[in-house]
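# Residue-level structure breakdown
Residues per chain are reported as follows:
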Amino acid sequence: QVQLEESGGGLVQPGGSLRLSCAISGRTSSWFAMGWFRQAPGKEREFVATISAGGGFTGYADSVKGRFTISRDNAKNTVSLQMNSLKPEDTAVYYCAARTGRTDRSSREYDYGDWGQGTQVTVSS
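Everything in this summary refers to the structure shown in the same document. Keep in mind the model is a prediction, meaning the values are calculated, not measured.

Our next topic: the sheet that holds strand 8 (residues 78–83). If you trace the four strands from one edge of the open sheet to the other, you get 1-3-8-7, paired in antiparallel fashion. Taken across any chain shown, the strands that pair with only one partner, and hence form the sheet edges, are strand 1 (3–7) and strand 7 (68–73). Sheet twist, expressed as the average angle between the axes of neighbouring strands with direction ignored, equals 15°. Two elements, strand 3 (residues 18–25) and strand 8, share six bridges in a ladder whose sense is antiparallel. Across the sheet, the residue bridging to R19 is Q82, located in strand 8.

Structure representation (structure tokens):
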């Protein structure tokens, strides 16, 4: 089983930036793809970004494309989400997820078997 722990959330003004990190333990991170999802109050959890096991392939939701960047450092067993030009509608709890057993990226929530507890991101003036 993989353990995931997110960090880096907080309160930021519109137009600002935040960098989320996900620490991976329990298995070698280079064996599986990773994803970031988010859930806003009163809404279902939605896909944000995904990255393949080796880091060579990424994918983004249309709502964050050009503003967010997913990356990973397999030597340090971490995955990051750099968020720029933040908008109030980006406010949500952000979760990292591991697609254990698969190296290819996915935007489908049900493809991920292990999840972190989430970190709150609030974009407000």
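According to the stated counting rule, one finds nine salt bridges in the structure shown. Among the ionic pairs, R108 bridges to D111, the shortest N-O distance being 2.9 Å. Assessed through its relative accessible area of 41%, R108 is described here as partly exposed. Judged by relative accessible area, D111 falls into the buried class, the value being 18%. Bridged by salt links that share partners, the residues R99, R102, D104, R108 and D111 form one connected network.

What follows deals with the pairing of strand 9 (residues 92–99). Of all the eight residues making up strand 9, seven are buried; the element is thus mostly covered by neighbouring parts of the structure. Summarising the sheet, strand 9 and strand 11 (residues 119–123) pair through three bridges and their orientation is antiparallel. In the strand pairing of strand 11, A92 is matched with V121.

Before going further, it helps to examine the state of the cysteines. Scanning the entire structure with this criterion turns up one disulfide. Sulfur-sulfur distance for the disulfide between C22 and C96 comes to 2.0 Å. The disulfide joining C22 to C96 has a torsion of about 55° about its S-S bond and is therefore right-handed. You can see C22 sitting in strand 3 and its partner C96 sitting in strand 9, a full 74 residues away along the chain. Assessed through its relative accessible area of 0%, C22 is described here as buried. Look at C96 and you get buried, because its relative accessible area is 0%.

Counting through the fold element by element, S52 comes out in the loop between strand 5 (46–51) and strand 6 (58–60). Judged by its relative accessible area of 7%, S52 falls in the buried class. Residues S52 and S106, spaced 54 residues apart in sequence, show a C-alpha to C-alpha distance of 8.4 Å. Not counting chain neighbours up to four residues away, the residues in contact with S52 comprise A33, F57, R72, T103 and R105.

A separate point is the packing of aromatic side chains. A full pass over the atoms with the stated rule returns four aromatic pairs. Pairing F37 with W115 gives two aromatic rings, centres 5.0 Å apart and planes at 55°, and the pair type is tilted. On the criterion of sequence distance, the pair formed by F37 in strand 4 (residues 33–39) and W115 in strand 10 (residues 114–115) is long-range, its members being 78 residues apart. Assessed through its relative accessible area of 1%, F37 is described here as buried. Its relative accessible area of 23% is what places W115 among the partly exposed residues. Linked through ring pairs, F37, F47, Y112 and W115 together constitute an aromatic cluster. Here the guanidinium or amino end of R45 rests over the ring plane of Y95, the centre of that ring lying 4.9 Å away.

Criteria and thresholds
- Residues numbered from 1 in each chain as written.
- Predicted model: local features only at pLDDT ≥ 70, side-chain atom pairs only at ≥ 80, totals over all residues.
- Heavy atoms only, no water.
- Pairing = 2+ DSSP bridges.
- Helix = DSSP H or I, 4+ residues; strand = E, 2+ residues; numbered from the N terminus.
- Axes fitted to C-alpha atoms, helices over the stretch in contact; angles between N-to-C directions.
- Salt bridge = Lys/Arg side-chain N within 4 Å of Asp/Glu carboxyl O.
- Buried < 20%, exposed > 50% of the residue type's maximum accessible area, 1.4 Å probe, protein only.
- Disulfide = S-S within 2.5 Å.
- Contact = heavy atoms within 4.5 Å.
- Phe/Tyr/Trp six-rings, centres within 6.5 Å; stacked < 30°, edge-to-face > 60°.
- Lys NZ or Arg CZ within 6 Å of the ring centre and 35° of its normal.

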